[in-house]
Amino acid sequence: MPIVSPQTLLLCLLVLAVMEGQGREAAIPGCHLHPINVTVRSDRQGTCQGSHVVQACVGHCESSAFPSRYSVLVASGYRHNITSISQCCTISSLKKVKVQLQCVGTRREELEIFTAKACQCDMCRLSRY
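All values derive from a computational prediction rather than experimental measurement. (Residues numbered from 1 in each chain as written. Predicted model: local features only at pLDDT ≥ 70, side-chain atom pairs only at ≥ 80, totals over all residues. Heavy atoms only, no water.)

A. Layout of the environment of Ile91. Examined against the element boundaries, Ile91 turns out to sit in strand 4 (residues 82-102). Take Ile91: its relative accessible area is 29%, and that puts it in the partly exposed class. Remark: the alpha-carbon pair of Ile91 and Ala116, spanning 25 residues in sequence, is separated by 6.0 Å. Setting aside residues no more than four positions away along its own chain, Ile91 makes contact with Cys57, Ala116 and Ala118. (Helix = DSSP H or I, 4+ residues; strand = E, 2+ residues; numbered from the N terminus. Buried < 20%, exposed > 50% of the residue type's maximum accessible area, 1.4 Å probe, protein only. Contact = heavy atoms within 4.5 Å.)

Encoded structure:
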């Protein structure tokens, strides 16, 4: 059996600890800011365009389903026998950021776009955008 140096053993343990931590972080309920790179174009032809890192909200929130109370069953004509409660990861506040667009030649333009400023678990609803 080969002998492993203490440095090699320590490196292996550090790699395992980092990998273990990443798996747990993804499983923790929550809604967090996450950077994404977007390309912005001034028109469909892409006359002017630029890239910028914006913040998105990603993660997961709590949800549950359970048998409905008797009063709910009666009120729904015995059709609503399961009640579910859920929350979705949503943007709770926005901020504007300026994107520099490079146009044909040396011309430049500036455009304002929105980025997430804060996230939260909130009632799930249809997109307002």
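B. Seen up close, a nonpolar patch on the surface. Together, Tyr70, Val74 and Tyr78 make up a nonpolar patch on the protein surface, roughly 360 Å² of accessible area in all. Considering the arrangement of structural elements, one finds Tyr78 in the loop between helix 2 (70-75) and strand 4. (Patch = residues over 30% accessible without salt bridge, like charges linked within 9 Å, V, L, I, M, F, W, Y side chains within 5 Å. Areas by Shrake-Rupley, 256 points an atom, 1.4 Å probe, with all protein chains shown as cover. Salt bridge = Lys/Arg side-chain N within 4 Å of Asp/Glu carboxyl O.)

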